[in-house]
Amino acid sequence: MTKWYRENAPITAENLTDEWMRLKRGSVTRRHFLGVTGLGLAAAVLARQPGLFNSAAYAEDLGTTMSLATWPNYHDPATFEAFTAATGVAVEVNVFGSNEEMLAKLQAGGTGWDLFVPTNYTISTYVKLGLIDPLDMSKLPAFSQASQSARFTSEGAVDGTTYALPKNWGTTGMAVNTSKIKTKLTSWKDFFEVAMTEADGRAMVHDYQLTTIGSALVSLGYSFNSIKPDELAKAEELLIKVKPHLYGINSDYQPGMRATDAWLTMCWTNDGAQLARDMPEIAYVLGTDGGEIWTDFYAIPKSATNKPAGYALLDYLMTPENAVKEHIANGAPTTDSRVLALLPAEITSNKIVYPDEASLTKLEFGAAVTLTDPARAELMARFKSA
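Residues numbered from 1 in each chain as written. Predicted model: local features only at pLDDT ≥ 70, side-chain atom pairs only at ≥ 80, totals over all residues. Heavy atoms only, no water.

## Things to note about unusual backbone geometry
Glycine aside, the phi torsion of most residues is negative, and most peptide linkages are trans. Even without being a glycine, Asn-73 presents a positive backbone phi close to 55°. In the Ramachandran plot, Asp-159 falls in the positive-phi region, its phi being about 55° despite a non-glycine side chain. Here Asp-159 shows up in the loop between β4 (157–158) and β5 (161–162). (Helix = DSSP H or I, 4+ residues; strand = E, 2+ residues; numbered from the N terminus.)

## Regarding the nonpolar core
Within the largest apolar cluster, 106 residues are counted, with the highest numbers of intra-cluster contacts made by Leu-115, Phe-116, Phe-191 and Leu-264. Of the residues forming this core, the biggest block, 8 residues, is contributed by helix α14 (residues 307–318). The contact partners of Phe-191, leaving out residues within four places of it in the chain, are Met-174, Leu-185, Met-204, Val-205, Leu-264, Thr-265 and Met-266. (Core = buried A, V, L, I, M, F, W, Y, C linked by side-chain atoms within 4.5 Å. Buried < 20%, exposed > 50% of the residue type's maximum accessible area, 1.4 Å probe, protein only. Contact = heavy atoms within 4.5 Å.)

## Details of the pairing of strand β9 (residues 264–268)
By the criterion of burial, β9 is predominantly enclosed, with 5 of the 5 residues buried. Burial of β9 is two-sided: the residues Leu-264, Met-266 and Trp-268 facing one way and the residues Thr-265 and Cys-267 facing the other way are all buried. Both strand β6 (residues 165–177) and β9 contribute to a ladder of 5 bridges, which runs antiparallel. Along β9, the bridge assignment pairs Val-176 with Leu-264. Inspection of the sheet shows strand β7 (residues 203–205) paired to β9 by 2 bridges, in the parallel sense. When the sheet's bridge partners are listed, Met-204 is paired in β9 with Thr-265. (Pairing = 2+ DSSP bridges.)

## So, the environment of Phe-191
Among the structural elements, Phe-191 can be located in helix α9 (residues 188–195). Linking Phe-191 and Ala-216, residues 25 residues apart in sequence, is a C-alpha distance of 9.3 Å.

## Looking at the pattern of salt bridges
Within the structure shown, the criterion is met by 10 salt bridges. Here Arg-382 and Glu-236 are joined by a salt bridge, their closest N and O atoms 2.8 Å apart. Residue Arg-382 is located in helix α19 (residues 374–385), and its partner Glu-236 is located in helix α11 (residues 229–242); the two are separated by 146 residues in the primary sequence. Given a relative accessible area of 41%, Arg-382 falls into the partly exposed group. Where salt bridges share partners, they join Asp-133, Lys-302 and Lys-307 into one cluster. (Salt bridge = Lys/Arg side-chain N within 4 Å of Asp/Glu carboxyl O.)

## Some points on the packing of helix α10 (residues 209–219) against α19
At a minimum axis separation of 10 Å, α10 and α19 run at an interaxial angle of 90°. When the axis of α10 is compared with that of α19, the two are roughly perpendicular. Listed contacts from α19 to Gln-209, Leu-210, Thr-212, Ile-213, Gly-214 and Leu-217 of α10 are Arg-376, Leu-379, Met-380 and Phe-383. Among the residues forming the contact of α10 with α19, the class breakdown is 6 nonpolar, 3 polar and 1 charged. (Axes fitted to C-alpha atoms, helices over the stretch in contact; angles between N-to-C directions. Parallel < 35°, antiparallel > 145°, perpendicular 65-115°, else oblique. Nonpolar A, V, L, I, M, F, W, Y, C, P; charged D, E, K, R; others polar.)

## A closer look at the environment of Glu-81
Mapping Glu-81 onto the fold places it in helix α5 (residues 77–87). Placed 10 residues apart in sequence, Glu-81 and Val-91 show a C-alpha to C-alpha distance of 8.2 Å.

Take a look at the structure:
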């Protein structure tokens with residue numbers, strides 16, 4: 001293609017179409033395209049492409065790769081394939097099993113993450129430690145604060161500044177293979193008793209102190225977030241007692257449950273929905289004695305090397321038409337009323353995903369103090385090494 005028009009005259013509609021097709025084929029870079037066409041004209045054209053380049057972040061060079069740190073079984077791969085098709089940016093997914101692990105990685109530096117998925121109770125600590133950026137909301141036009149449920153999203157802001165946007169909310173319960181376990185479980189007290197009897201050698205707990213210690217505390221009648229030494233000591237006694245009976249300590253428990261090597265596990269909403277969908281004999285149970293309710297967020301690390309792509313993917317994920325596909329595949333409940341309106345009835349009526357309010361009343365959001373409490377960290381280390 002000749003370049004006379006690029007240097008000596010305004011680009012024509014025909015030339016613009018040619019350059020646009022070259023960009024889509026990957027023959028030229030985004031920077032080249034924007035430079036050739038002129039930023040204002042390019043932005044106007046791209047804004048008319050449904051689902052493509054509809055964010056202010058897309059006016060920047062996004063590069064060719066970006067990195068996301070998240071949780072197991074938490075995304076639809078098709079989401080990232082569609083984002084790559086729209087932007088040319090490939091998404092590398094890193095999976096972690098606990099917020100403590102994510103925090104340690106960020107504190108060590110050099111993670112390469114451009115976007116990650118922290119849980120509600122961790123955000124204030126990330127802000128205090130200077131590990132995440134305040135979000136430039138002008139780069140996130142797809143997000144609507146007005147459509148968000150304040151019950152689940154308030155912890156994304158610290159002192160009036162927004163640092164994280166909600167991914168979804170959920171609960172921590174237990175998944176039970178009812179074809180293998182005949183006892184009807186209704187509480188965390190039941191969970192630990194059955195783990196040592198009917199599910200001996202077939203039960204799993206998370207490799208994550210918040211939920212493993214928290215659920216043990218609840219089974220003993222204490223707060224999920226307790227850091228009291230005497231209560232932690234009793235929780236440790238219970239966990240050490242149950243450990244010889246466990247199949248595994250792993251936050252990625254779906255493979256064990258699907259293979260029926262494990263019959264019982266601590267479980268998050270989205271995993272419970274996915275397991276029950278594919279294996280109807282697996283029930284998801286919330287403890288009547290308490291447990292956890294949570295919200296996961298998206299945040300951009302201060303150390304991110306490709307922040308434009310981080311913003312671009314975040315805006316893409318905040319777009320209701322994209323988010324609804326994630327929620328259908330993922331199985332976790334949405335915080336966004338726009339997305340809720342798009343979800344099919346079989347999702348919104350699913351009691352695993354959207355449980356009755358009464359079953360949520362005893363559940364607690366994680367407390368910030370638990371993330372860095374040394375006593376809980378040491379307890380978990382002793383339990384794992386016992």
